[in-house]
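Letter by letter, the chains look like this.
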Amino acid sequence: MQAWIGLGSNLGSPARQLEEAIGRIDALPEISIGQRSGLYRTRPWGLQDQPDFLNAVAQLETTLGPQMLLRSLLDIETTLGRVRDGPRWGPRHLDLDLLSYEDVRLESAELMLPHPHMHERAFVLVPLLELAPDFQIPGRGLASGFLAKLSPEERNSVLPFQPEQR
């Protein structure tokens, strides 16, 4: 099965943490990384008074169902220092979001697929479209159409990461 995940970090060493997360995901026997986007520097979304984020998207091949895949991602977050006691949309060492899983549409207390806000966030759409320019968000439509509807300010808040940027 094919799944898409969003990755983000803005505390500690974000580039290193995203690389570590990708390595740990790829090391799971039920998952392999198919493609991964470049890293993007993104102004914070939601709570503004925090460091910029580094964001990326990865495409996975997995034999796990969506709930087990989510649990695996949450375990990796915790292992790599994610603490869920801060403010919503606040700073974090690592954030792994299950964006899409095949064409599955799901609403449960634990998981909503596709991710309910992916179509509203340039920091998801820009790296996603780098990998899959014709990506269809299940039940919504072309991801590129949603990116085009975002404000120029929102679209321009996502910039390719240059390693010398700290």
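See the structure above.
The structure presented is a predicted model; accordingly, all values stated were derived computationally and were not measured.

Draft legend 1. How the structure looks around the overall build of the chain. A tally of helices and strands in the chain yields 5 helices and 10 strands. Relative to its length of 166 residues, the chain is compact, with a C-alpha radius of gyration of 15 Å against a globular reference of 15 Å. The C-alpha extent of the chain, read off along each of the three principal axes, is 35 × 35 × 30 Å. Expressed as a percentage of the 166 residues in the chain, the buried residues total 48%. For the chain, contacts bridging at least 24 residues in sequence account for 67% of all contacts bridging at least 6. Computing the positive centroid from 16 side-chain charges and the negative centroid from 22, the chain places the two 4 Å apart.

Draft legend 2. Broad picture of empty space enclosed by the protein. Taken as a whole and judged by the stated rule, the model has 1 cavity of 30 Å³ or more. Considered as a void within the structure, the largest cavity measures approximately 50 Å³ in volume. Surrounding the largest cavity, Leu7, Leu18, Glu19, Ile22, Arg36, Ser37, Leu39, Ala56 and Val57 form its lining. Elements supplying a minimum of two residues to the lining of the largest cavity: helix H1 (14-27) and strand E4 (53-62). Looking at which element gives the most residues to the lining of the largest cavity, the answer is H1, with 3 residues.

Draft legend 3. Focus on the nonpolar core. Residues Ile5, Leu7, Ile25, Leu60, Leu69, Leu96 and Leu98 are the most contacted members of the largest nonpolar core, which totals 27 residues. At the level of elements, strand E1 (2-9), H1, strand E2 (31-36), E4, helix H2 (66-79) and strand E5 (95-101) are the ones that each hand at least two residues to this core. Setting aside residues no more than four positions away along its own chain, Leu69 makes contact with Ala3, Ile31, Leu60, Thr62, Leu64, Leu98 and Tyr101.

Draft legend 4. Layout of the side chain of Arg92. Inspection of the secondary structure assignment puts Arg92 in the loop between H2 and E5. For Arg92, a relative accessible area of 12% translates into the label buried.

Draft legend 5. Fine view of the pattern of salt bridges. Scanning the model with the defined rule gives 4 salt bridges in all. A salt bridge links Arg24 to Glu20, with the shortest nitrogen-to-oxygen separation between them at 2.6 Å. Linking Arg24 with Glu20, this pair stays in helix H1, spanning 4 residues, or about one helical turn. Arg24 gets classed as partly exposed once you look at its relative accessible area, which sits at 35%. Judged by its relative accessible area of 34%, Glu20 falls in the partly exposed class. Across the pair Glu110 and Arg71 runs a salt bridge whose closest N-O atoms are separated by 3.3 Å. Here Arg71 lies in helix H2 and Glu110 lies in the loop between strand E6 (106-107) and strand E7 (112-113), a separation of 39 residues in the sequence.

Draft legend 6. Quick look at the packing of H1 against H2. Between H1 and H2, whose axes approach to 10 Å, the crossing angle comes to 140°. Judged by the inter-axis angle, H1 sits oblique to H2. The two elements H1 and H2 meet at a crossing, and its hand is right-handed. Taking contact as the criterion, the partners of Ala21, Arg24 and Ile25 in H1 are, on H2, Leu73, Ile76 and Thr79. A per-class count over the contact of H1 with H2 returns 4 nonpolar, 1 polar and 1 charged.

Draft legend 7. The arrangement of the environment of Met112 in detail. Looking at the secondary structure, you find Met112 in strand E7. Between the C-alpha atom of Met112 and that of Leu159, which follows or precedes it by 47 residues, the distance is 28 Å. When neighbours within four sequence positions are excluded, Met112 is seen to be in contact with Leu106 and Glu107.

Cut-off values and rules
- Residues numbered from 1 in each chain as written.
- Predicted model: local features only at pLDDT ≥ 70, side-chain atom pairs only at ≥ 80, totals over all residues.
- Heavy atoms only, no water.
- Helix = DSSP H or I, 4+ residues; strand = E, 2+ residues; numbered from the N terminus.
- Rg over C-alpha atoms; globule rule 2.2 N^0.38 Å.
- Buried < 20%, exposed > 50% of the residue type's maximum accessible area, 1.4 Å probe, protein only.
- Contact = heavy atoms within 4.5 Å.
- Lys, Arg positive; Asp, Glu negative; His and termini not counted.
- Charge placed at Lys NZ, Arg CZ, Asp CG, Glu CD.
- 1 Å grid on protein atoms, 1.4 Å probe; cavity = no way out; pocket = protein on both sides within 12 Å on 5 of 7 lines; lining within 4 Å.
- Points joined across faces, edges and corners; volume = space filled by probe spheres on them.
- Core = buried A, V, L, I, M, F, W, Y, C linked by side-chain atoms within 4.5 Å.
- Salt bridge = Lys/Arg side-chain N within 4 Å of Asp/Glu carboxyl O.
- Axes fitted to C-alpha atoms, helices over the stretch in contact; angles between N-to-C directions.
- Parallel < 35°, antiparallel > 145°, perpendicular 65-115°, else oblique.
- Left-handed = near helix turned anticlockwise from the far one by under 90°.
- Nonpolar A, V, L, I, M, F, W, Y, C, P; charged D, E, K, R; others polar.

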